[in-house]
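# Structural features, examined
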Amino acid sequence: MKVGLFIPCYVNQLYPQVAIATLELLEKLNVDVYYPSTQTCCGQPLGNSGYEDDSKGACQLFVENFKEYDYIVGPSGSCIYHVKKHFDILEQTPDVIRVRNNAYELCEFITKILRKTNLGAKFPHKVGLHKSCHGLRGLHLGSCSERMDAHFSTEENLLNAVEGLELMSLNRKDECCGFGGTFSVFEEAISVKMGRDRVQDHLDSDVEVITGADHSCLMHLEGLINRENKPLKVMHIAEILNKSI
Amino acid sequence: MTHADKAAEFNKNEAKVNWHDKALWYVREKRDKSAHGVIGWEHIRDVASGIKANVLSNLDNYLIEFEKNALNNGIKVHWASDAKEHNEIVSKILADNNAKKVVKSKSMLTEECHLNPHLEAQDIEVVDTDLGEFIVQIAKETPSHIVLPAIHKTKEEVDDLFQEHIGTKPSEGNPEYLTNEARKHLRNKFLNADAAITGVNFAIAETGGIVVCTNEGNADMGSHLAKVHIASMGIEKIIPKEEHLGIFLRLLARSATGQPITTYSSLFNKPAEGKEMHIVIVDNGRTEQLSREDFRASLHCIRCGACMNTCPIYRRSGGHSYDATIPGPIGSILSPGKDLTKHSSLPFASTLCGSCSNVCPVKINIHEQLYKWRQVIVKDVKQPIVKKSILKVAGGVLANRKLYNFSGRMARFMLKYAPRFIVYSKLNAWGKARDLPEVKGQNFDQWYKVKRKNNG
Ligand code: SF4
């Protein structure tokens with residue numbers, strides 16, 4: 001099984017530790033991982049801003065970079081969602097279809113394809129899970145609080161198997177953090193208020209470390225936490241799952 | 001002003017934002033609880049959505065069937081292609097009946113048509129009798145929510161308003177006292193009304209009858225007491241059969257407020273002896289929306305308000321920030337169809353979180369339509385030059401690995417070495433309340449080149 005590692009542009013530049021944790025985790029799970037060096041971005045920031053047409057070049061490059069892999073795995077629900085959902089703007093060649101079908105968010109890849117939940121990690125802390133919207137409501141990584149389906153959560157299953165980790169229960173289980181890409185700057189006031197309210201919910205629930213499967217949301221929350229000196233740490237779920245495996 | 005400007009204004013009073021958010025979240029939670037009590041909720045949503053899709057695909061025939069049956073029942077049916085025609089028809093009916101005093105129960109359509117100012121200009125007294133609507137009417141405002149029109153007002157604010165307009169005593173916002181006083185005031189209006197105007201929740205093609213749902217019974221009181229009943233409906237309110245109420249009534253009240261059913265779900269099938277009943281069927285842009293394939297499902301809407309209660313942006317920006325008759329997520333996909341330029345900021349007033357689509361009882365893909373409107377707007381509405389050029393350049397950079405490397409390195413360099421006052425200047429909306437990420441020694445590309453060989 002050949003896996004192409006997709007690292008979102010901002011993670012590559014600003015959060016290399018998340019990319020490294022993702023890579024190491026997959027390697028420890030005996031996956032044959034490749035990192036195509038000419039990858040850039042999935043095109044999501046453009047599409048969500050209304051410039052989908054201008055993103056075709058980026059989307060096509062994504063397909064070129066990943067078409068030869070059995071699976072494409074990335075530590076970001078929203079980028080993967082964009083590939084699956086919005087690459088309909090490209091001509092649906094066999095390559096494009098394969099890439100869209102085989103793109104997986106990291107947690108889903110581990111549980112669904114590798115069929116593993118206990119990765120042998122150890123992390124003795126109180127953790128709050130931020131369920132990012134595109135992973136949850138887009139990729140269906142778990143049940144949503146609005147729907148009347150039976151409860152499940154891909155990330156919770158993985159975190160509950162981590163030794164010593166205490167998963168804290170939040171008041172609002174899956175409310176949006178307010179990042180939303182360019183929303184975070186064009187609707188600054190609401191974006192910040194939404195983020196603050198999320199952070200407060202984690203604080204009220206005695207959380208020490210906020211985690212999640214999408215680092216863009218976490219970047220937004222971390223920005224608020226650092227500015228306001230809140231006693232919270234932010235880590236991508238790959239970093240926790242990669243702890244002392 | 002854009003949605004963002006108005007939302008920022010609303011956010012200057014954080015205590016009020018918190019209160020607004022909590023009040024609506026409470027309604028959302030009530031909805032969750034009550035929906036959980038219905039076996040097969042998700043299946044019922046599927047069925048409701050299917051019925052609505054069928055209605056929209058056969059709307060012409062259903063409307064003709066509805067008209068025929070309504071006429072047979074002795075109801076007078078009128079057709080209005082736009083708001084102006086609607087208002088003129090209502091005026092004419094009132095003039096024919098020499099009606100000078102009108103009581104109205106809640107109807108978003110008459111809000112959309114701006115009926116009140118139209119009638120008031122002709123010296124007709126119009127009183128909104130739904131408590132929430134009454135409050136916004138005396139405050140000279142518009143509803144900020146389609147089910148809870150005065151949700152933006154605290155009880156203390158209502159106290160002040162009532163003292164000024166209906167002569168109540170100061171009560172520190174005692175809801176019971178205030179509601180009772182409003183009732184007394186409205187009772188007189190009901191008793192003296194010449195005509196009653198109501199909205200329509202469902203119009204049944206098979207029977208030619210209409211259904212009006214209220215919690216206060218004001219639609220019933222109004223239409224039973226007055227000589228003339230005028231019901232205004234949009235063309236999309238049709239359902240094929242009476243038995244379909246079993247689906248829609250089950251969904252409506254639970255989605256709206258978490259009640260199993262509205263206190264009054266009244267079927268009006270024909271005028272009472274010696275009275276007149278009129279139905280005004282209004283298009284006002286709906287046929288055009290129906291013709292837009294990507295957006296036609298927005299006409300499924302049964303106006304339950306659930307998408308507003310769940311929307312994290314609506315809860316924190318207030319209904320008036322949308323500057324449209326219908327606010328919130330559903331308003332943001334309906335309004336651009338009416339005036340693209342005026343409402344061009346609305347589809348961007350969302351993180352595309354998708355919660356609205358999940359609560360919607362008739363399964364409108366609201367967040368997907370928001371995304372689609374964005375694509376339309378950047379093409380058809382003049383964009384701020386800075387935003388446009390930044391995103392165009394980004395499109396080029398992201399399609400080209402060498403440019404991407406260069407700009408990534410530049411961004412890291414700037415973040416790391418530019419003085420704080422530049423990084424956190426006024427131009428940087430991110431940095432007003434949030435820190436920027438701390439830049440690490442190397443990016444992942446650089447790390448990978450040194451540590452691994454598998455360069456795909
Ligand atoms: S769009 Fe759906 S959730 Fe929103 S008001 Fe209409 S029916 Fe209710």
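Every value quoted in this text rests on a predicted model; they were computed, and no experiment measured them.

### Some remarks on the environment of Val147(B)
Residues and elements named next belong to chain B. Its place among the elements puts valine 147 in the loop between α8 (131–138) and α9 (155–166). With 159 residues separating them in the primary sequence, valine 147 and alanine 306 have C-alpha atoms 9.0 Å apart. Apart from residues no more than four positions distant in its own chain, valine 147 is found in contact with Lys106, Ala256, Thr257, Arg303, Cys304 and Gly305.

### As for the pattern of salt bridges
Any two side chains of opposite charge can pair, on the condition that their charged atoms come close. Going through the model one piece at a time under the given rule, you end up with 47 salt bridges over all chains. When the shortest N-O distance is used, the salt bridge between Asp201(A) and Arg198(A) registers 2.7 Å. On the criterion of helical spacing, the pair formed by Asp201(A) and Arg198(A) is a turn pair, its members being three residues apart in helix α11 (residues 188–204). As a salt-bridge pair, Asp294(B) and Lys372(B) come within 3.9 Å of each other at their nearest N and O atoms. Of the two residues, Asp294(B) is situated in the loop between α13 (286–291) and α14 (306–310) and Lys372(B) in helix α18 (residues 366–380); the sequence distance between them amounts to 78 residues. Relative accessible area serves as the criterion here: at 42%, Asp294(B) is assigned to the partly exposed category. Taking the relative accessible area as the measure of exposure, Lys372(B) reaches 36% and is therefore partly exposed. Bridged by salt links that share partners, the residues Arg172(A), Glu175(A), Lys193(A), Asp197(A), Glu14(B), Asp21(B), Arg315(B) and Arg316(B) form one connected network.

### Thoughts on the domain arrangement of chain B
Residues and elements named next belong to chain B. Parsing chain B into structural domains produces domain 1 (1–37 + 292–383), domain 2 (49–284) and domain 3 (390–451). A straight line from the C-alpha centre of domain 1 to that of domain 2 covers 23 Å. Taken together, the contact between domain 1 and domain 2 spans 31 residues of the former and 34 residues of the latter. Of the roughly 2,900 Å² buried between domain 1 and domain 2 on both sides combined, carbon and sulfur atoms contribute 61%. Across the pair glutamate 112 and lysine 338 runs a salt bridge whose closest N-O atoms are separated by 2.7 Å. Our count for the domain 1 to domain 2 interface comes out at 11 residue pairs in polar contact (both at pLDDT 80 or more). If you list the elements that add at least two residues to the side of domain 1 that touches domain 2, you get α2 (14–36) and α14. Among the elements that make up the side of domain 1 that touches domain 2, the one with the highest residue count is α2 (10 residues). When its residues are assigned to classes, the side of domain 1 that touches domain 2 shows 16 nonpolar, eight polar and seven charged.

### Brief notes about the site of the ligand
Near the ligand there are 14 residues, and of these Cys301(B), Cys304(B), Gly305(B), Cys307(B) and Cys360(B) occur at the shortest range. Partitioning the shell around the ligand into residue classes produces 12 nonpolar, one polar and one charged.

### Focus: the interface of chain B and chain A
Counting residues at the interface gives 81 residues for chain B and 76 residues for chain A. Carbon and sulfur atoms make up 56% of the surface buried where chain B meets chain A, a total of about 6,700 Å² over both sides. Ionic pairing is found between Glu146(A) and Arg28(B), a salt bridge with its closest N-O pair at 4.0 Å. At the boundary of chain B with chain A, the tally comes to 33 residue pairs in polar contact (both at pLDDT 80 or more). No other element matches α2(B), which puts 11 residues into the side of chain B that touches chain A. Per-class residue counts for the side of chain B that touches chain A are 31 nonpolar, 23 polar and 27 charged.

### Regarding the side chain of His278(B)
All names here are of chain B. Along the chain, the position of histidine 278 falls in strand β10 (residues 276–282). When its relative accessible area of 5% is taken as the criterion, histidine 278 is described as buried. At 2.7 Å, the side chain of histidine 278 forms a polar contact with the side chain of glutamate 276. Leaving out residues up to four positions away in the same chain, histidine 278 has contacts with Ile75, Lys76, His78, Ile93, Val228, His229, Ile230 and Ala231.

### Let's talk about the confidence of the model for chain B
On average, residues of chain B score 92 in pLDDT, and 90% of them reach the 70 mark or higher. Predicted complex, confidence summary: ipTM 0.96, pTM 0.94.

Scoring rules and cut-offs
Residues numbered from 1 in each chain as written. Chains lettered and ligands numbered in written order. Predicted model: local features only at pLDDT ≥ 70, side-chain atom pairs only at ≥ 80, totals over all residues. Heavy atoms only, no water. Helix = DSSP H or I, 4+ residues; strand = E, 2+ residues; numbered from the N terminus. Contact = heavy atoms within 4.5 Å. Salt bridge = Lys/Arg side-chain N within 4 Å of Asp/Glu carboxyl O. Buried < 20%, exposed > 50% of the residue type's maximum accessible area, 1.4 Å probe, protein only. Domains from an automatic or database assignment. Buried area = accessible area lost by both parts, 1.4 Å probe. Polar contact = N/O pair within 3.5 Å; in protein donor to acceptor, adjacent residues only side chain to side chain. Nonpolar A, V, L, I, M, F, W, Y, C, P; charged D, E, K, R; others polar. Near = heavy atom within 4 Å. pLDDT = per-residue confidence, 0-100.

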